[in-house]
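Residue strings, one per chain:
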Amino acid sequence: MFDDKRPEELAYVGRSSDRPDTMEKLTGEATYVSDMRLPGMLHAQVKKSPHARARIVRIDTGKAAAMPGVRAIITGDEVDVHIGLYIVDKYVLAKGEVRHYGEAVAAVAADSLEEARAAADAIEVEYEVLPPVLHHMDALKPDAPLVHPDLGSYGYVAAAFTPMPGTNIANHTKLRKGDVDKGFAEAAYIVEREYDCPSVQHVPMETHVAIVQWGKGDRVSIWTSAQSPFTVRNLFCHAFGLAHAQVRVQIPYVGGGFGGKAGIGVEPLCAVLSRKAGGRPVKFQATREEEFSLLPCRSALTYRIKTGVSAEGKIVAQQMTMYWDSGAYADYAVNVTRASGYSASGPYEIPNAWVDAYTIYTNKPYGTAYRGFGHVEFHWAVERHMELVAQAIGMDPLLFRLKNALRPGSKTLTGETIQKNTGNVVACIEDAARRIHYGDLTPEEKERQKQTGWKIGKGVAALHKAPAMPPFTATAVILKMNEDGSVLVNLALTDYGQGTYTSIRQIVAERLGFPPKKIRVAFENDTDRDPYDWQTVASKGLVLSGNAAILAAEDLLKNAYDVAAQALHANPRDLAHDGERVFLRHHPDKGVSFSSMAVGLALPNGNGIGGPLIGVGRYIAQGLSNLNKETGEGTPALDWTFGAHGMIVEVNEESGEYRVLKVASVYDVGRAINPDMVRGQAIGGMMQGLGTATCEGYIYDKDGRLLNPSFTDNKIPTAKDLPLEVECAVVETPQIDGPYGARGVGEHSMISVAPALGNAIQKATGAELTHMPMRFEDVWRALENREPIDNWITKSPVGSCRSAPEARPKE
Amino acid sequence: MKITLTVNGDRYERECAEHHTLLRFIRETLGLTGTKEGCGMGECGACTVIMNGRAVNSCMVLAAEADGAVIQTIEGEAKGPTLSDIQASFERNHAVQCGFCTPGMVMSVKELLASDPHPSVDAIKEAVEGNFCRCTGYTQIVEAVTELTGTGAKGGLDHV
Amino acid sequence: MLHPFRYLAPQSAQELAAMLADHASDGKILAGGTDLIPNIRNGVFKPSVVIDVKKLPDASSLRLGADGLSLGPAVTVNDILRSKDARERYPVLCACAHELASHQVRNRATVAGNVVNASPCSDMAPALLCLDAVAVIGSGTGQRELPFREFFTGVKKTALKPGEWLDRIVVPASSAGARGSYLKLKRIAGHDLGIVGVLFVRLGGSLRFGVSSAAPTPVLVDTVTAKDGPDQAAATVLGSVSPISDVRGTKEYRQHMIGVFVRRLLAEVK
């Protein structure tokens, strides 16, 4: 919905605008679910498994049930409810067998938190400990224990996924393009490497929390810190066999999500406790430790890439094999696998491509969506690989990237032709490189290097991502005019800090011609009051809801013009409007105000016409298709947002210590609806990416217990960890079907930060890092050619969990 | 036990459970829920309040220890219906995203500016080092302080 | 959430002694609380009584006297950083204090608490060891003094006996003016526990190294001489520590970095 307007012709879009939510957030008035208390509310606590895999022999709740204040205790045996987004594979509470450390086996609701905790502690669970399968490559071995022996009996979304019963493979995504054998045969160089990254935590500052009241007549009210109210309702209704009209989901302010709250979380647990407690509302809030292991994380990845390159440096063939660690349940991980599978090459043209992407069950906390939806992880591999291939063939990595980058006329892995308006990754790469003076050191940098003795290096990494969503993803926006002519916007896309509502407000203001201060976007989301939105994920919110908002504004204006036309005895074609009124274009002094029409226009004689003014905008993704399950062919991408980071780092070669001196990030956002919001996403995502690049990651002991489930040993970046200099820029190649030309950028800022850092470290020192994170020790080990510490699954106490290559499944 | 303390200028005399933290007392007993809990371990700073002039993690202070103390929370920051200078600068500089770290962040900045009205960028980073923010990447928070104190400008997005 | 316990705040040493006698097995002393409260939350400690020493007379006093700098049990880490006396006369103390946790934590955490915990990664212990500080230990039967060299006896173990408490820390006047710096290797630039930390102090003619996170206790190395080259000095320091591998780093890397830090500190002096 780009209408070829130049930036200076737009009054509100493309300009700075205040966020509508800051006043409440800055004063402490914003209410989050963690702040809520309902009359009669009970507090829940869970009993968690200390084992990665064990048979539950016996659970004795007798002692706990007799304790003061206890109103309900639930074990897995009592709840025969399976939940799952794409594969229905998870019980509300473990039943028969626990599949990961930290999994809930029983839960208590009591009058106070202390009473609930004491009772949960008093529940006795007898386990028969079973050998767990921990590393995803080990899970592929023929003799590996099966995490889900009943995989063949589970329901799943057959249009998109292919589980392999009798194995630990929850999904196998395939993509075949061209003829890879021929391509490799013609290649002058073939480079094959393997890369990996561990599971990481989203770390929203507000942990998962919900309050659920299972009322009489099976009417269920849910208040939850979640991203997607309608998905919570839909999955909940499916799991419990309830009509959608019986369930209401409300989402007030949300303290961060990053994908971890995309689907359904602790709501079913609260629900079964409330039902058992006779309908009293039950609140459960995860502790920070529970956030790490009771709730999901980001999947680990092992990615093997084999690339054939011509003598001129053009990629002629690439074989890509991804092994995604789903943990104990499939959740979003199967779709991460699918979405990563069809984007697996990064923003480069691969004429002959072969992708196998596997989602693998293991006995670990399960993987879910996380900002970037797989692209952070696999771009780590792709963009390090581009660097290493360039090095192997003796070409500058930047040139190698530019030579192979997607350009108009290129075909993506799924066969989509890149258009001029798809976006410009070349411009992003070139600008990022320019901003760091790629290629050599400035005199100041040379001087600094001399002073400190730390080596300075510069690296660039590019990125792309399209929203991972069903091809028919839809949303709606409703505008309601208030009595004074101001407008209320209702939508179920949530804004948990990204700033989408600010941009939606600007879009509505622009299309209506009203100042933004006359537009309020209702913050609390409510499935009983808001129109449908699929999910707040995938960087699709601004595009789909923005388009719906434009349509809603046009609908509101049409309805207003219809009333005004009657009142003014004019044809609607001869009317115009400003922020206050609709008037005759030929006689602007003759008009009728929006406020007088807002709830129905009263004529001088008292007759009424019109009725309350509303505008409805419905939008569904256009022209997308399912992918062929054998070849991957199809059209999955609502839009492609391209980008690149340039990074300058200084490294101490003796110790492996390093400091990031500068990051320059450039994205082709189509149009920056609000430059400040784009910058907020750009820097926030970059820092989150830097966190996973430098220090974050799950560390397990050899029995599958998580060793760092808190901020003590899972650090995230602080203000002191900021690069000395941060620059953000946008290229604006309008997306023809995006609102005012915009496309999404919420996730992209986190993608390819790690490889930009890895490339810069390599440039500075020669260290070839292929695993994340890049701790100082990892850099030191790479420089000293020491065996890397593969301690993400630690065997007493440092050991390695590298698995044998022969375990990899053959086509 | 009974404790007496002043919070945001209001004097309270209340019974408190001896094992309750100051954070829990403020949120549950006084109903001031602007102060948040992010970890309960003193690592993340979401629970930061000002106690006797010093920014502290209220999750690691017992309510009983605050007997006689003067406390400020985020609820006491705005001047009547208008935002304080710090809050207004956070708003102007888009230093708020999800908002969960914001109350603690503002309290840390407040203590900093009370002792150092023109802090260096390094001093600002050090003052908020104990306040995790997962959304903003901190830059706009630092800019909110430097713009307020006249040592820096609002950051911008370049158009290529 | 913390489990229910009682809170006691003795007003005198006698009261404190009596409370400690009554609660020898189920009582815990509270000073800054930045270690105790998280440990209670995590179930590491489950006291039925928490005894706050901040109301003792002089608990918060930080005094410069003829015998040196005297710190009460409630003196916080930031009190040190704000003290002109400490900054001017005991800069080494400040160098270590500055590396401890975050600003908010330093506003509550006490110097006494940081050493009574006897964590191997204590940031204040290297300074107190290198500066010949003395622990003044209180009890129902009077006071005794113990140099910090003899204070740490094992992982999280000190020479404090049941019924005793750390009543004062005295950093002697003879250590005033000592210069040095503290290098702490962390996973991030922000607040973190050390992977290893090395403090280097020049006191009169003697060279001292205080090492954290590299042995069951914080370690003092005072056998390096001015004649030793950097490699010899590093070897001497390494000979006094026994780092382990854990989630923060391997033994190998810790050993390597102690050497790097010793050489870097010596180079700084030149």
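Residues numbered from 1 in each chain as written. Chains lettered and ligands numbered in written order. Predicted model: local features only at pLDDT ≥ 70, side-chain atom pairs only at ≥ 80, totals over all residues.

A word on the domain arrangement of chain C. Residue and element names in this part refer to chain C. Taken domain by domain, chain C comprises domain 1 (6-52), domain 2 (62-175) and domain 3 (179-269). Computed from C-alpha atoms alone, the centre-to-centre distance between domain 1 and domain 2 is 19 Å. With twelve residues of domain 1 at the contact, the number on the domain 2 side is 16 residues. The element best represented in the side of domain 1 that touches domain 2 is helix H1 (residues 13-22), accounting for five residues. Classifying every residue of the side of domain 1 that touches domain 2 by side-chain character gives eight nonpolar, three polar and one charged. (Domains from an automatic or database assignment. Contact = placed C-beta atoms within 7 Å. Helix = DSSP H or I, 4+ residues; strand = E, 2+ residues; numbered from the N terminus. Nonpolar A, V, L, I, M, F, W, Y, C, P; charged D, E, K, R; others polar.)

Quick look at the interface of chain A and chain B now. Interface size is commonly expressed as the accessible area that is lost once the parts come together. Of the residues lining the interface, 52 residues belong to chain A; the matching set on chain B comes to 47 residues. Contributing elements (two or more residues each) for the side of chain A that touches chain B: helix H1 (22-27), helix H11 (425-435), helix H16 (675-694) and strand S33 (725-731) of chain A. Across the side of chain A that touches chain B, the residue classes break down as 26 nonpolar, 13 polar and 13 charged. Direction of pairing for S33 of chain A relative to strand S6 (residues 158-159) of chain B: parallel, over a ladder of two bridges. Note on S6 of chain B: the bridge partner recorded for Ala-729 of chain A is Asp-158 of chain B. (Pairing = 2+ DSSP bridges.)

This part covers the packing of helix H4 (residues 121-128) of chain B against helix H5 (residues 139-149) of chain B. Residue and element names in this part refer to chain B. Running from N to C, H4 and H5 point in directions that differ by 125°, and their axes come no closer than 10 Å. When the axis of H4 is compared with that of H5, the two are oblique. For the pair H4 and H5, the crossing hand works out as right-handed. For the pair H4 and H5, the contacting residues are Val-121, Ile-124, Lys-125 and Val-128 in the first and Ile-141, Val-142, Val-145 and Thr-146 in the second. Tallied by class, residues from the contact of H4 with H5 come to six nonpolar, one polar and one charged. (Axes fitted to C-alpha atoms, helices over the stretch in contact; angles between N-to-C directions. Parallel < 35°, antiparallel > 145°, perpendicular 65-115°, else oblique. Left-handed = near helix turned anticlockwise from the far one by under 90°.)

Take the interface of chain B and chain C next. Contacts between chain B and chain C engage 23 residues on the former and 20 residues on the latter. A class-by-class count of the residues in the side of chain B that touches chain C yields nine nonpolar, nine polar and five charged.

All right, on to the sheet that holds strand S10 (residues 165-172) of chain C then. All names here are of chain C. Spatially, the five strands line up as an open sheet ordered S4-S5-S10-S6-S7, and their pairing is antiparallel. Edge positions in the sheet fall to strand S4 (62-65) and strand S7 (142-147), since each of these pairs with one other strand and no more. When the angles between neighbouring strand axes are averaged without regard to direction, this sheet yields 25°. In this structure, strand S6 (residues 134-139) lies alongside S10, joined through five bridges in antiparallel fashion. What sits directly across from Val-134, in S10, is Val-170.

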